[in-house]
Amino acid sequence: MSEVKQKYQVAKEAYAKVGVDTDAVLEKLANVKISMHVWQGDDVKGFLSDAELSGGISVTGNHPGVAKNPDQLRQDLEKAYSLIPGKHKLNLHAIYLDTDEQVDLDQIEPKHFEKWVAWAKEQGLGLDFNPTFFSHPMFKDGFTLASPDKEVRDFWIEHGKRARKIAAYFGEELGQVAVNNFWVPDGYKDNPIDRYTPRKRLMESLDAIFEEDFNPEYTLDAVESKLFGLGAEAYTVGSHEFYMGYGLTRNKLICLDAGHFHPTEVISNKLSSLALFGEGLLLHVSRPVRWDSDHVVIMDDELQEIGKELVRNDLLAKTHIGLDFFDATINRVAAWVIGTRNTQKALLKGMLEPTEKLKEIELAGDFTTRLVMTEELKDFPFADVWNYYCEINNVPVGLDWYKEAQSYEHNVLLNR
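These figures come from a predicted structure and were not determined experimentally.

Caption draft 1: Expanded view of the environment of Gly259. Relative to the helices and strands, Gly259 resides in the loop between β8 (253-257) and α8 (271-277). Under the relative-accessibility criterion, Gly259 is labelled buried at 2%. Through-space distance from the C-alpha of Gly259 to that of Val179 is 20 Å; in sequence the pair is 80 residues apart. If near-sequence neighbours (up to four positions away) are discounted, Gly259 is found in contact with Pro288 and Asp292.

Following this line, the structure appears as structure tokens:
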């Protein structure tokens, strides 16, 4: 018996004393797919053009080894997935098409993503999608779908329609639903006079995009809000209230991004409310530092609270979990692995709670026992359960994964 398994057996006994079956927990965790985001691997450049980032998007740093083409990006992704336990998904943006054709965003078709689908089949992965409403000449004066210019709106409406067909293609080909997430950066840098009309235009543009029905077994639409962004500091058209209303009235998934709210707000406290009324939820797990800076996800208090809320309220079945961060100051493959493994760890921590027992204690008004239990559980041997999960999934345990990432950087990334 390996040392990792021996420690797991001790941990298993400890959790059993509080009514938690760790074997059942690990089976449950294995069913949760994390949608890892492609854009961490190349600093959100994509392969549509060489244009500079715009529309509230900014990446800092110049760590060596950035992926310069789809093949390099897939190579890096394969390395990252090999260091993460379980089978998961990949979240693509429209600008990551893989084709020799010169094609614009209002012309993209499923055929331009065939290589991604073939690769996903080989790797046993699912695919999610995002239309790209930024870093394009038709992003004019800070607006896309909410633009006062009909020509601009029509361009982006067509892009949105084509994105939905691509997402449906992913679902049909891969046999698992592709979540298609809509985020637009429209807004004003300084205080506007008319806040209503741009939101009306955005609503009408989205209605036009979503006019066609698709099989929900293949694709689901999500809408994502934001408090503010670069160039839209004073007014963002697609606010939380806008998309909450839109998602609830149009039966769309509502996307909550951990970095898209005021620094004093947390999305963990919003999950239970939206789950009562919404069709479903999409999470973009990120880490804001003072504002929406999309830092690599760490095991902080909010990530753990998100994991607990999903588990305690049995929301995993109606929640799609994706990542959204980008850091070019560090090894990009390592960033993927850190963020994905931490998200899994947060879910595992939630699953290792005796949830029903804690709810009974709370309902009985025994708040002392509730506090004692939740505090003492913090010292339980969680890491030994996680390490065993890694071992049975044939991925490196502990710091061993980083040794592989360092070797990959030395042998592959530094030679680009």
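Caption draft 2: Quick look at the pattern of salt bridges. Counted under the stated rule, the structure contains 25 salt bridges. Across the pair Glu158 and Arg162 runs a salt bridge whose closest N-O atoms are separated by 2.8 Å. Within this pair, Glu158 and its partner Arg162 are both found in helix α5 (residues 150-174), separated by 4 residues, close to a single helical turn. Residue class for Glu158 comes out partly exposed when judged on its relative accessible area of 30%. Each of Asp71, Arg74, Asp98 and Lys115 takes part in salt bridges that share partners, so that together they form one network.

Caption draft 3: Focus on the pairing of strand β4 (residues 178-182). For β4, the tally of buried residues reaches 5 of 5 residues, placing the bulk of the element in the interior. Of the two faces of β4, both are covered, the one formed by Ala178, Asn180 and Phe182 as well as the one formed by Val179 and Asn181. Across 5 bridges, the pairing between β4 and strand β6 (residues 219-224) is parallel. Of the residues in β6, the one forming a bridge with Phe182 is Val223.

Caption draft 4: The nonpolar core, seen in detail. Counting residues in each nonpolar core, the largest one holds 120 residues, and the members touching the most others are Leu77, Leu92, Trp116 and Phe170. Shared between two domains, this core takes at least three residues from each, and those domains are domain 1 (1-31 + 354-415) and domain 2 (33-352). Look past the residues within four positions of Trp116 in its chain and what remains in contact with it is Val38, Leu73, Arg74, Leu77, Leu90, Leu92, Tyr96, Leu97, Asp98 and Leu127. Ranked by size, the runner-up nonpolar core spans 5 residues in total, among them Val179, Ala222, Leu253 and Cys255.

Caption draft 5: Inspection of the side chain of Asp186 at higher detail. If you trace the backbone, Asp186 turns up in the loop between β4 and β5 (187-188). No salt bridge is formed by the buried Asp186; the nearest opposite charge belongs to Arg201, separated by 7.7 Å. Within polar-contact distance, the side chain of Asp186 engages the backbone nitrogen of Thr144 at 2.7 Å. Here the side chain of Asp186 touches Leu145 through a polar contact of 3.3 Å, landing on its backbone nitrogen. Contact partners of Asp186, with chain neighbours within four places excluded, come to Gly142, Phe143, Thr144, Leu145, Ala146, Ser147, Tyr235, Thr236 and Val237.

Caption draft 6: Just the packing of aromatic side chains, in detail. On inspection of all chains with the given rule, the structure shows 20 aromatic pairs. Each ring, one from Phe129 and one from Phe170, has its centre 5.5 Å from the other, and the planes form 85°; the classification is edge-to-face. A residue pair is termed long-range when its members are at least 10 positions apart, and Phe129 in strand β3 (residues 126-130) and Phe170 in helix α5 qualify at 41 residues. By the burial criterion, Phe129 is buried, and Phe170 matches it. Between the aromatic rings of Phe210 and Tyr246, the centroid separation amounts to 6.2 Å while the plane-to-plane angle is 45°, which identifies the pairing as tilted. Of this pair, Phe210 sits in the loop between α6 (196-209) and β6 while Tyr246 is found in helix α7 (residues 240-250), placing the two residues 36 residues apart along the sequence. Judged by relative accessible area, which is 8%, Phe210 ranks as buried. Residue classification places Tyr246 among the buried residues on the basis of a relative accessible area of 2%. Ring pairs connect the aromatic residues Phe133, Phe155, Trp156, Phe182, Phe210, Phe242, Tyr243 and Tyr246, which therefore count as one cluster. Of note, Lys349 hangs over the ring of Phe382, and the distance from its end group to the ring centre comes to 5.0 Å.

Cut-offs used in this document
- Residues numbered from 1 in each chain as written.
- Predicted model: local features only at pLDDT ≥ 70, side-chain atom pairs only at ≥ 80, totals over all residues.
- Heavy atoms only, no water.
- Helix = DSSP H or I, 4+ residues; strand = E, 2+ residues; numbered from the N terminus.
- Buried < 20%, exposed > 50% of the residue type's maximum accessible area, 1.4 Å probe, protein only.
- Contact = heavy atoms within 4.5 Å.
- Salt bridge = Lys/Arg side-chain N within 4 Å of Asp/Glu carboxyl O.
- Pairing = 2+ DSSP bridges.
- Core = buried A, V, L, I, M, F, W, Y, C linked by side-chain atoms within 4.5 Å.
- Domains from an automatic or database assignment.
- Lys, Arg positive; Asp, Glu negative; His and termini not counted.
- Polar contact = N/O pair within 3.5 Å; in protein donor to acceptor, adjacent residues only side chain to side chain.
- Phe/Tyr/Trp six-rings, centres within 6.5 Å; stacked < 30°, edge-to-face > 60°.
- Lys NZ or Arg CZ within 6 Å of the ring centre and 35° of its normal.

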